[in-house]
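# Fold and geometry: a report
Here are the chains, one letter per residue:
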Amino acid sequence: MMSRIRNTFILLILTAAVFTIQAGEKNKMSKATPAVIAVKFHADWCGSCKAMGSVFEELQAKFDTMPVLYVTLDHTRDFNRQQSKFMAQSMGLDGVWAEKGGKTGFILLIDGKTREVITTLKSTQNLKEMGAELNAAVDKVTAG
C-alpha cells in the first residue's frame, strides 16, 4: 500500500515537472520574434516571379538557421489576394500592404520589430546577391 502511494506521488511530481517544462518552452516560443520578415509578393502569372524561379525556397533552405520568417503573399487570384491581405494585416504589415499590395515579382526584407522595409530583393538578383542582402539585413537588425 505504501509503495503504491509513493509511486503515485512520484508520478504526480514527474507529471507536474513535464507540464512546467512544456509551459516554459511555450513561453519561450511565444516571445520569439523573427529579426527579419522576408515577404515574397507573388502571382503565378507574373513574369518577374517566373524569372525569380525557386530562389525564395532556396533562400529558406540555405539560411534556415537565421531568425527569419518567410512569407509568401499570393496575388494569383482574388481569393489569394484577399487571404494575403488578411495575413499582412494580422502581421502588422498594413502599411506595406497599402504601398505594395497590388504589385508582384519581388521580396521585401522587413524589420521584425519595427515592421519597416529594410530592402527590396528583385528578380534580377541571383541567390548569392539575395543571400548577401539577407545576411546584411539580419546583421543590421540584430546589431542594434
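Above this note sits the structure.
Anyway, here's the lowdown on the structure attached to this text. (Residues numbered from 1 in each chain as written. Predicted model: local features only at pLDDT ≥ 70, side-chain atom pairs only at ≥ 80, totals over all residues. Heavy atoms only, no water.)

### Some details on the pairing of strand S2 (residues 68–74)
Within S2, five of the seven residues are buried, which leaves the element mostly enclosed by the surrounding structure. Two elements, strand S1 (residues 36–42) and S2, share seven bridges in a ladder whose sense is parallel. Bridge pairing in S2 links Val36 to Val68. (Buried < 20%, exposed > 50% of the residue type's maximum accessible area, 1.4 Å probe, protein only. Helix = DSSP H or I, 4+ residues; strand = E, 2+ residues; numbered from the N terminus. Pairing = 2+ DSSP bridges.)

### Focus: helix H6 (residues 127–143)
Between its first and last C-alpha atoms H6 spans 24 Å; for 17 residues at 1.5 Å apiece the expected length is 24 Å, and the two agree. Buried residues of H6: Met130, Gly131, Leu134, Ala137, Val138 and Val141, and no others. Along H6, the residues classed as buried sweep out an arc of 125° about the axis, all on the same side. Seen from the open side of H6, the exposed residues pointing more than 90 degrees away from its buried face are Lys128, Lys140 and Ala143. Each element contacted by the buried residues of H6 is listed here: S1, helix H2 (47–52), helix H3 (55–62), S2, strand S3 (106–111) and strand S4 (117–122). Among the residues of H6, the N-terminal cap falls to Asn126, whose side-chain oxygen and the backbone nitrogen of Lys128 are separated by 3.0 Å. (Expected span 1.5 Å × (residues − 1). Arc of directions from axis to C-beta. Contact = heavy atoms within 4.5 Å. Polar contact = N/O pair within 3.5 Å; in protein donor to acceptor, adjacent residues only side chain to side chain.)

### Focus: the nonpolar core
By size, the foremost hydrophobic cluster in this structure holds 19 residues, and its most contacted members are Val36, Leu59, Val68, Tyr70, Ile107, Leu109 and Leu134. Residue assignment for this core shows that the elements contributing at least two residues are S1, H3, S2, S3 and H6. Among the elements that take part in this core, H6 stands out by supplying five residues, more than any other. If sequence neighbours within four positions are ignored, Ile107 has contacts with Ala38, Val39, Lys40, Met52, Phe56, Leu59, Thr119, Thr120, Leu121 and Met130. Ranked by size, the runner-up nonpolar core spans 13 residues in total, among them Val71, Leu73, Ala88 and Ile110. (Core = buried A, V, L, I, M, F, W, Y, C linked by side-chain atoms within 4.5 Å.)

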